[in-house]
Amino acid sequence: IAQIGALTDEHFQRAQQLISAQDWAGAVTALDTIRKLDPGYKTAQVDGMYYFALRNQGYDLITKLGNLEGGIYYLTLAERFGPLDNSAIGLREGARAYITGASFWELDWEQAVFYFEQVGANWPSLWDGTMTASQRYFIALTSYGDELFTKQEYCAAYELYLTASGIGTLDGNSANNSAQAY
């Protein structure tokens, strides 16, 4: 029993060091080891450390690596230990909206515009490892504009091109369609 206590203390110190070093994944692993060795060891402190490590791991996965699903998962795990702060809640909502918008990509441009308008307004640099929300919003606007132009819905297409031109430079086809729609 004394050996388990010493080992548990060692892993607790290791978890504290990993949290100080912002190695969130390593800290979670060390905390898991503590729980396996002694489920009742410094319960409140370990729970607090779990919350902090899981919350920050989720936040970093989303903001630094573009791993939206993984980040949502870790933020949801953190929520088991305490309520999330507004920043984490907002980021998780943005990541969910990004994923939903991406599910409509090249299938339903109107829906893609709807979701990326929201994500782009609040988290323009949110990305999934390929494109930022702002880039996706721009592409969705021009693609939906081109679709409406083809259907001869010129006024609606022009509005989309106008919004897109406030974000970036229209390509030749969209610029030409925009001028004709005007």
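Starting afresh in each chain, residues are numbered from 1 along the sequence in its written order. Two thresholds apply to this predicted model, a pLDDT of at least 70 for residue-level local features and 80 or more for giving and counting side-chain atom pairs, whereas whole-chain, interface and lining totals are computed over all residues. Calculated side-chain values reflect all of the structure's heavy atoms, with hydrogen atoms and water omitted.

## Observations regarding the nonpolar core
Most often, soluble globular proteins have nonpolar side chains that are buried together. With 51 residues, the main nonpolar core has Leu-31, Ile-34, Val-46, Ile-62, Tyr-98, Phe-116 and Leu-126 as its most contacted residues. Helix and strand labels come from DSSP, where a helix needs a run of H or I of at least four residues and a strand needs a run of E of at least two; each type is numbered from the N terminus. Only α1 (2–20), α2 (24–37), α3 (43–65), α4 (68–78), α5 (86–103), α6 (109–122), α7 (133–150) and α8 (154–165) provide two or more residues apiece to this core. Tallying contributions element by element places α7 first for this core, with eight residues. Among buried residues, the Ala, Val, Leu, Ile, Met, Phe, Trp, Tyr and Cys ones that are joined through side-chain atoms within 4.5 Å form a nonpolar core. Exposed residues in this analysis have more than 50% of their type's maximum accessible area, buried residues have under 20%, and partly exposed residues fall in between, with area computed by a 1.4 Å probe over protein chains only.

## Description of the environment of Asp-146
Among the structural elements, Asp-146 can be located in helix α7. With a relative accessible area of 19%, Asp-146 lands in the buried category. Distance from Asp-146 to Ser-178, taken between C-alpha atoms, is 8.8 Å for residues 32 residues apart in sequence. Residues are treated as being in contact if the distance between any of their heavy atoms lies within 4.5 Å. Apart from residues no more than four positions distant in its own chain, Asp-146 is found in contact with Tyr-161, Asn-173, Ser-174 and Asn-177.

## A word on the packing of aromatic side chains
Centre distance within 6.5 Å is the pairing criterion for rings of Phe, Tyr and Trp, where only the six-membered ring of Trp is used; planes under 30 degrees apart are then read as stacked, over 60 as edge-to-face, and the remainder as tilted. What the rule picks out here adds up to 11 aromatic pairs. For the pair Trp-105 and Phe-116, a centre-to-centre distance of 5.9 Å together with 85 degrees between the ring planes defines the contact as edge-to-face. With a gap of 11 residues between them, Trp-105 in the loop between α5 and α6 and Phe-116 in helix α6 connect regions that are remote in the sequence. With respect to class, Trp-105 is no different from Phe-116; both count as buried. Summarising the aromatic geometry, the rings of Phe-114 and Tyr-115 are spaced 5.0 Å apart at their centres and angled 85 degrees between planes, so their arrangement reads as edge-to-face. The partly exposed category is assigned to Phe-114, whose relative accessible area is 44%. Each residue in the set Tyr-98, Trp-105, Trp-109 and Phe-116 is aromatic and connected to the rest through ring pairs, giving one cluster. Counting as a charge over the ring demands two things of the Lys NZ or Arg CZ atom: a distance within 6 Å of the ring centre and an angle within 35 degrees of the ring normal. When the ring centre of Phe-12 is taken as reference, the NZ or CZ atom of Lys-42 above it lies at 4.5 Å. For Arg-136, the ring lying beneath its charged end belongs to Trp-105, and the centroid distance is 4.7 Å.

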